[in-house]
Structure formats: C-alpha cells, structure tokens
Amino acid sequence: MDFMQQSTTKINVTFLYPGFNNSHCQLKIVNYEVEENSISHETHGLSKKHLVVRRGKPFKLTLWFHSRLWNPHTEYPVLEVFLGNHSDRIIVQISDEQHDPQGWSAKIYPGDIQSKSVTIHICSPVNSPVAQYYLFLHIETMHWSRSTFEVGTFVLLCNPWLKEDPVYMPLKAQREEYIKNDCGILFTGTPQNINERPWMFGQYEPGVLEACMKLLQVSRWHFNNKEKDYIRRADPVYLSRVICAMVNCDGDLGILMGNWSGNYRDGVSPAEWSSSADILHQWALSNCKPVRYGQCWVFASVLCTVMRVLGVPSRVVTVFNAAHDANSNLIIEENFSSSGEKLPGPKDSTWNFHVWVECWMRRPDLGSAFDGWQVVDPTPQEKSGGIYCCGPCPVVAIHQHFLRASFDTRFIYAAVDADIVRLIIHNGRVMKRTIDTETVGRLICTKSIGSDLLENLTQDYKSKTKPQAAGYGRYSGWRGGQDRPMSRDEEMPPGLEVSLSLKRVPTVGESIVLCVTVRNNSRGSRVLMEHVNAQLKEYNRNAQESFWKSHKEERIKAGEVLKLEHSILSSEYESVLADDDIMNVAVVIKDVLTKERFLATKEFNVTSPKITVEIEGGGRIQMKKEYKAHVSFTNTWSSSVNGAVLTVEGSGLLQGKQEARMAILKQDEKIEKTVTIMAAGPGTKLLKATFSHSNSPKAISRTVHKVTVVSA
C-alpha cells in the first residue's frame, strides 16, 4: 500500500445555497504516518496493505489539501467512521487535551496546522470491534452544505498494552512472548520422552493479517447477521469462540480439515506442517477451501497465530495423557485381554498428548475471579452449542473444580483430571477392575517466556486434592453402561502389587528393556503366570495388533519381591515403528490357583535416530547471502534399509524440496545432502529435513532447524 495515498474521490457535494461554493477546499493527499503509527501501536510488520492500529490509543493522519484548508469561520471538518451499516460522526476539535478512550475522538493540536496540511489525531473507543473500518472526511458549512472525501481504511485490533482493554497484559515480557513472538516450540511425545517441535506462527508474513480478517468476514456468524457480528467482535470471549470454530471446517469455510486416518495422499500429512502462515496463505488463495490436513497441534498453532494477530495474548499448551471424555462422566474406560493386549474400547480415550491454546482475557460474564488464561481448543472433538468449538474456559475454573463455568469446563476438566478405569476382560466377563487417578494430565506445559525451555503449568490446572465429583466410585460396567457391584476379590486388599517400568528411555537401534516388579504381600507362596504384550499406537488412537508377546510361569514366596526383565530386540520393532508412534506395553499377572489377575501398563515413545543439520557459519545468517547447509542421517539400526530418502526443504530459505537417495543404506552408513540456502528477509526461518525408506509408509525421522536471519 502507498501510505502517501492521493485522494481523488470527492463524494456527494451538496450546495443548498446556490451562491455558495467551497470547492477551494479540496483534499489532495492522505499521509497515514505508517511508520510512526505502527511503532506507537506495536503493529510494525503486520501489513503492507493496511494501516493497522490498536483500539483505545490515538493514531494520526496528515491531510494535504490542494490550495487551502477549510475556513475556520464558515467551515468545519467532521470525520465519519463506517463499520458495516453503522457509522460514527467525529467532530474534529482543535485541542491539546487528552483523548477519552471511551468514545471516538479527533483532535488537532495547535502546532499541527500548516497552510495546506493538518495532522489529525484519532482515537477509537477501547471497546471497539476488531475489524476493518472505512474513514471519510466531511467539510461542512454553516449553510448546511457538505463536501465529502474518502480518506481510506484502517484495521483496528485489540490492545493488550492498554489497561482498560479486556485483553490487557501488564508485563512487557509477557506481551513480547504472547503477542509479538512469531516463533515457538510445541511439545509432543510422552512425559518421559518429550519431543520439541519448532513452529513458525508467522504473524508478520505478508498476507497473514489479511487472511485473519477474511476469516472473520466469512464466519457463519457474519453471514447470519453482519451487524450483530460486528458489534460482538468487541468482546474477546466472542472473538475467541468464533475463531476457534473457524480454524476447523465443519460445513463452513473454516481453515483446516482434520484427518487421523494415516492416509494423507490427497493433502499434506499433519506432521509435515511447521508454519501457520503456509496454511493461512493456502486457505486464502484457494477461496476459503479447507486445507488438508491438520491434527491437534496444527489446529492449535493456527489458532494461536490468528489470536496474536487480532491482539489477544495467546500461547500453545500441551497436555500429556489428555482424556477425551465423550459422555461427560469424568471416567475413561480402558479394556485389556487376559494376556495384556489393549482392546478397542468405547468412544472415550486417552491421548498421549493433546495440544490446545490459552488466551488471556477478562471474563465479565463470569466475574473477575475467572479473569486470566482461558482454554480455547479448536480441534474438532465434541460439539458445543451445535458447532465444533471448545472454550473459552477459565483455567482457574478447572483448578477450582467449578464445572458450571462457561464454556465447556466439564469437558476440559476431564481432559486434565479424569480417572481411568482399567478392566481385564476374559470371555466377556470383567475379571479385574482398577482405578488410576494419577495418569491423566500427568504434565501440562508450554514454552517459557524468552527461551525454548519447557514451563510446567500442571499446578495451574490441578489442585492437590481431588473432589468426589471427579468421578470416584462412579464408572460404567463392561459392555452396558450399568454399574456393577465390586466382587469380593476387588473389595479385598491386593495380595500382589505389580508395576512396570523401563530400564532406560529407548532409542531406535537399542533393545527396549522392560522391568516388571511383583511384590507378594500375602502369607503364602504363589504360582504365577506372567503375560507381557507390546503394541504400537498413534498418540490419539486405539492400539494396533501385538507385535511382541511373552508368556511364562513364575513362582514367588511370601513377602518376596520378584524383579523380571524382558528385552524387545531392535530387530523385533524396527520394521513396524515410525517416527511418531507410541508403544503400549502391558503385563498381566495371573495367580494360577486363585485366578486373580493384576494389571500394569506403560505407554512410551522410542527416540528416533537424529538427522544432523549444520549450517555454514552457525545458525545465524545474513539476508540475501548464500550459505551451505549440510544435512545427514546415519543408519543406527541393526540392519540395512532399502530405498532411503533424505528430504530437505525450507520456506524462505530454499526453493522447493531437495533430496538425496540411496538404494540400500547399510548399518552405520550415512546418507547426506548439501543445499544452498538464502533468505530474502530478516526473522526466524525453519529448515526441515525428513528421512524415510521403502520399508515404512511414514517418515522415520524428522527435524526442524531454526535459522536466524539478520540484515546485512
């Protein structure tokens, strides 16, 4: 946009008195003072097409006229701001008084008047809707005539720098992280072995702000009632709910289509995305067709980008062992066979991790006690008010177990604090039932302010005491949803205690060493049958068929502690394991005499072999200068692999994808690719690399390397 825009449009000039003519006062040029306004309003870099300012804070425009200003004795200027069919008239005053952020105002300071130009300071109300506004200038006379000039447009955003704004965030470090930072870290995997996934929020990428504003204009709420939608956009609670619903596509023009099938041939695998800007660009350029495909961390990251653009402080949060409680009973049921195989269960499930967004805002609808961080979850799981939308839900309401607070608090509470009921099933009968009150919400975290370290948020969500309402003693029976009285065995204290652990966090190429500990608390010896079972699963899906089993008889004396070790060789899992897979291992100990059964389970991820990225001169490069990037992968498996492919790509660094291929990659052999990178603009860029081979349908290893680009 040319911010020294020449104004040639003169509209609706009316002369009620034939002898009067004010044509000498003609608007020529509008200077949007974009540099000063963008710095003052903390919007620098958000758009090259629009003036972007924040509500409740003055911005200025300089108006240049052809021959003279208006005559202060016979003429007076009036600004008119249009939003939809609604407009506000603003009388321009010559004054050095402060603006009142409760209403529209326009002031000219005495020193800002020149012979052919004038600088006007305009301030919007702090409760203004987030939108693009149209601005007109009227030169009106004492004789009821008026000349009207089209001044232009501006985009108005929320203002977390302003105390009166409901999204006000007091600390500068917080605003820098949760509004201005365009690069972050997502956490996935399992609590014992956390993966870090860099992500470009990209709010300063060209076209991103425009895509965010377009998203508001194509929402179902805007189509249903434009004027009502405009008015309600002043409220960040309403804004977050609209954007949450529009990030996923549910019969509307939303951004992302979800896919958890594993088949992404007609789109992009969710694991391949690393930039919100890429997704927003594709959506906007395709005339609002949903982008294929997303999963929870992709949905959340796009939502975080849009909310930061709109001026609402936001951060991406990971919940490890997140419950999906479809029937709202705060109970997740998991079923196992008598040999330890995890069975397909009800609709409820526990995801190894789930990613959502926290947005910072006041909650006048609930009271000041519920101000602060609000959970907003755009992943389409359960409908809220008839649409796939979840939140905003106050984090403090979850911590205080106030499940009636709006919105969707009960569902979100269950995600972090539900109980897991595990059933051992044999011939259709429940043989053992245990309640796990600790696993769900084991770790809740986000990126720390000013660093890539993990910040633990678990205590913000979970109190030390768990109320009865959380589901104690209330769980559905097997195959029917009716409560079943506990058997005599379940009422008795356990004669055996069984636990399952890993000797160390496994890495691909190493054996997985499982440690089963059995403590006999009874007064007599026992003959036991041990069943150990290993299955693969994706982070949010049912386990697949078993790929490894062990069955053997053991004997244990009264009071004895039996320690058993099992090794799953790398050759036994490498052919079935892919980069993001989770292992589910369960042990069932059966007392041969009493038929009692005891269950212990563990889910974990195996660390993938690393792709190495080395950039000439380190991770800091100058723009418009070529650098070499060396990418390599070493086969640490126990055998050769066929059809090895190493792929390198990087938006803003590299044109297209570049590959290295080897027909056979032998054990301990390396595949390498050297590429030339160059950045056209400053900021943080991401260089991505993936390794795959013909024996696996999915990528085996991937890495994302951050590159800082500075001006020459």
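Residues numbered from 1 in each chain as written. Predicted model: local features only at pLDDT ≥ 70, side-chain atom pairs only at ≥ 80, totals over all residues. Heavy atoms only, no water.

Visitor: Lay out the pairing of strand S30 (residues 561-568) with the relevant residues and their values.
Guide: Judged by which residues are buried, S30 turns out to be one-sided: Leu-562, Leu-564, His-566 and Ile-568 face inward and are buried, whereas Val-561, Lys-563, Glu-565 and Ser-567, on the alternate face, are not. Note that strand S27 (residues 512-520) and S30 share eight bridges and pair antiparallel. For Cys-515, the partnering residue across the bridge sits in S30 and is Glu-565. (Buried < 20%, exposed > 50% of the residue type's maximum accessible area, 1.4 Å probe, protein only. Helix = DSSP H or I, 4+ residues; strand = E, 2+ residues; numbered from the N terminus. Pairing = 2+ DSSP bridges.)

Visitor: Before we move on, could you go through the sheet that holds S27 and cite the residues and values that matter?
Guide: Read from one edge of the open sheet, three strands run S26-S27-S30, paired in antiparallel fashion. Looking at which strands have only one partner, the edges of the open sheet turn out to be strand S26 (496-502) and S30. Averaged over all pairs of adjacent strands, the angle between strand axes in this sheet comes to 15 degrees, irrespective of strand direction. The pairing of S26 with S27 spans seven bridges and is classified as antiparallel. Residue pairing in the sheet places Ser-501 in a bridge with Cys-515 of S27. (Axes fitted to C-alpha atoms, helices over the stretch in contact; angles between N-to-C directions.)

Visitor: So what's going on with unusual backbone geometry? Residues and values would help.
Guide: Cis rather than trans, the peptide bond between Gly-391 and Pro-392 has omega equal to 5 degrees. With an omega of 5 degrees, the peptide bond running from Ser-406 to Phe-407 counts as cis. Structurally, Phe-407 can be placed in the loop between helix H9 (395-399) and helix H10 (409-417). Even without a glycine there, the phi angle at His-401 is positive, about 60 degrees. Structurally, His-401 can be placed in the loop between H9 and H10. Backbone geometry at Lys-624 places phi at a positive 65 degrees, although glycine is not the residue there. Its place among the elements puts Lys-624 in the loop between strand S34 (620-622) and strand S35 (627-634). For Lys-624, a relative accessible area of 62% gives the class exposed.

Visitor: Any details on the packing of helix H7 (residues 276-285) against helix H8 (residues 296-310)? Residues and values, ideally.
Guide: Following both chains from N to C, one finds H7 and H8 inclined at 85 degrees, their axes separated by 9 Å at the closest point. The orientation of H7 relative to H8 falls into the category roughly perpendicular. Listed contacts from H8 to Ser-276, Ile-279 and Leu-280 of H7 are Val-298, Ser-301, Val-302, Thr-305 and Val-306. (Parallel < 35°, antiparallel > 145°, perpendicular 65-115°, else oblique. Contact = heavy atoms within 4.5 Å.)

Visitor: Go over the state of the cysteines with me, naming the residues and quoting the values.
Guide: Here the structure, examined in full by the defined rule, presents zero disulfides. No disulfide involves Cys-123; its sulfur sits 15 Å from that of Cys-158, the nearest cysteine. Cys-296 takes part in no disulfide bond, and the closest cysteine sulfur, belonging to Cys-445, lies 12 Å away. (Disulfide = S-S within 2.5 Å.)

Visitor: Give a detailed account of the pattern of salt bridges, specifying residues and quantitative values.
Guide: In a structure, side chains of opposite charge can pair up when their charged atoms sit close to one another. As enumerated under the stated definition, the model contains 29 salt bridges in all. A salt bridge links Glu-177 to Lys-447, with the shortest nitrogen-to-oxygen separation between them at 2.9 Å. Here Glu-177 is found in helix H2 (residues 172-180), whereas its partner Lys-447 is found in strand S24 (residues 443-447), with 270 residues between them in sequence. A single burial state applies to Glu-177 and to Lys-447, both of which are buried. The closest approach of N and O atoms between Arg-526 and Asp-591, which form a salt bridge, is 2.9 Å. Remark: Asp-591 occurs in strand S31 (residues 582-591) and Arg-526 occurs in strand S28 (residues 526-537); sequence separation between them is 65 residues. Residue classification places Arg-526 among the buried residues on the basis of a relative accessible area of 12%. (Salt bridge = Lys/Arg side-chain N within 4 Å of Asp/Glu carboxyl O.)

Visitor: Hey, could you go over the nonpolar core for me, with residue numbers and the actual values?
Guide: Core analysis: the biggest nonpolar cluster contains 65 residues, and Ile-243, Ile-279, Trp-297 and Leu-310 have the highest contact counts within it. Trp-297 has contacts with Leu-186, Arg-197, Trp-199, Pro-270, Ala-271, Phe-353, Val-355 and Tyr-539, leaving out every residue within four places of it along the chain. Counting residues in each nonpolar core, the second largest holds 55 residues, with Val-508, Leu-536, Phe-604 and Ala-679 among its members. (Core = buried A, V, L, I, M, F, W, Y, C linked by side-chain atoms within 4.5 Å.)

Visitor: So what's going on with the sheet that holds strand S19 (residues 349-361)? Which residues, and what values?
Guide: The six strands lie next to each other as S21-S20-S19-S16-S24-S25, forming an open sheet whose pairing is antiparallel. The sheet terminates laterally at strand S21 (393-394) and strand S25 (454-456), the two strands that pair on one side only. Bridge count between strand S16 (residues 314-324) and S19: ten bridges; the pairing is antiparallel. Bridge pairing in S19 places Ser-314 opposite Cys-359. Across the sheet, H8 touches S16, S19 and strand S20 (372-376), and the angle it forms with S19 is around 0 degrees.

Visitor: Any details on the environment of Asp-266? Residues and values, ideally.
Guide: Mapped onto the elements of the fold, Asp-266 is located in the loop between strand S14 (256-258) and H7. On the accessibility criterion, Asp-266 (49% relative accessible area) is partly exposed. Note: C-alpha distance between Asp-266 and Tyr-293 (27 residues apart in sequence) is 9.0 Å. Contact partners of Asp-266, with chain neighbours within four places excluded, come to Arg-292 and Tyr-293. Within the local environment of Asp-266, its side chain forms a polar contact with the side chain of Tyr-293, the two groups lying 2.6 Å apart. (Polar contact = N/O pair within 3.5 Å; in protein donor to acceptor, adjacent residues only side chain to side chain.)

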